[in-house]
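A closer look at the structure
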Amino acid sequence: MIFRLKTSKRTQEIFEELEARTNYKPYTLVKHAIAWSIKENTSVEGFVSDSEGLDLNRQTITGDNEVFFKILIETIEGRGLSDEEFFPKYVKAHIDRGSELLMDMYNHAGSVDKYVLQTLGIGDTV
């Protein structure tokens, strides 16, 4: 069983920028990135990225909710995933794709407060 993964260099850069702007740590940002990627509801089967970024621990990413993450990702992929496929391949793909979406969402919102409201679906397109 694999317990670590490395994000793409671009994901590392996004997380560093967002941490500087929001004070959110990578262990929080990674969950937001996965959530935005899952919300796309499209496969990451062919997603390709480098592995030159942050070194993240499996427990830091999924915590006590690994089964929940796996079920969501399997639902999007339309099939069951082996443990080796789920982590690190699919989790990493969702983190790297989601980091770009997260950055776009944050830039669109313009502030932490507006980002949180947008995430919650409160108000207009903030």
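Just so it is clear, the model here is predicted, and its values are computed rather than measured. (Residues numbered from 1 in each chain as written. Predicted model: local features only at pLDDT ≥ 70, side-chain atom pairs only at ≥ 80, totals over all residues. Heavy atoms only, no water.)

**Section: the overall build of the protein chain**
Put simply, the rule is: Numbered from the N terminus, helices here are DSSP runs of H or I no shorter than four residues, and strands are runs of E no shorter than two. Computation of the radius of gyration draws on C-alpha atoms, with the globule rule given as 2.2 Å multiplied by the number of residues to the power 0.38. In these tables, accessible area is a Shrake-Rupley quantity obtained with a 1.4 Å probe, and a residue counts as shielded only by the protein chains included in the view. None of His or the chain ends enter the tally, which takes Lys and Arg as positive and Asp and Glu as negative. By convention, the point assigned to a charge is CZ for Arg, NZ for Lys, CD for Glu and CG for Asp.
Helix and strand content of the protein chain: six helices and two strands. In terms of C-alpha radius of gyration, the protein chain reaches 14 Å, essentially the compact-globule figure of 14 Å for 126 residues. Referenced to the eigenvectors of the C-alpha coordinate spread, the extents of the protein chain come out at roughly 40 × 30 × 30 Å. On the protein chain, roughly 6,900 Å² of surface is accessible, and the fraction owed to carbon and sulfur atoms is 55%. In the protein chain, 15 positive and 21 negative side-chain charges are present, and the distance between their average locations comes to 1 Å.

**Overview of the nonpolar core**
The condition is simple: Among buried residues, those of type Ala, Val, Leu, Ile, Met, Phe, Trp, Tyr and Cys that are joined through side-chain atoms within 4.5 Å constitute a nonpolar core. Exposure is judged per residue with a 1.4 Å probe applied to protein chains only, and the accessible area is read against the type maximum: over 50% gives exposed, under 20% gives buried, and values in between give partly exposed. For this analysis, residues touch if any pair of their heavy atoms sits within 4.5 Å.
Counting 29 residues, the largest nonpolar core has Phe15, Ile34, Ile61, Val91, Ile95 and Leu102 as the members making the most contacts within it. Counting residues per element, the ones that place at least two in this core are helix H1 (9-22), helix H2 (26-39), helix H4 (66-77) and helix H5 (83-109). The element that contributes the greatest number of residues to this core is H5, accounting for 10 residues. Contacts of isoleucine 61, omitting those with residues within four sequence positions, involve Leu5, Val30, Lys31, Ile34, Leu56, Phe69, Phe87, Val91 and Ile95.

**Some details on the pattern of salt bridges**
Selection criterion: Here a salt bridge means any side-chain nitrogen of Lys or Arg lying within 4 Å of a carboxyl oxygen belonging to Asp or Glu.
Inspection of every chain in the model, using the stated rule, returns 12 salt bridges. Between glutamate 45 and lysine 89 there is a salt bridge, with the nearest N and O atoms lying 3.5 Å from each other. One end of the pair, glutamate 45, is in the loop between H2 and strand E2 (55-57); the other, lysine 89, is in helix H5, with 44 residues separating them in the sequence. Exposure remark for lysine 89: the relative accessible area of 41% places this residue in the partly exposed category. The salt bridge partner of lysine 92 is aspartate 96, with a shortest N-O separation of 2.4 Å. Of the two residues, lysine 92 and aspartate 96 both sit in helix H5, four residues apart, roughly one turn of that helix. A single network of salt bridges, built from pairs that share partners, joins Glu45, Arg79, Glu85 and Lys89.

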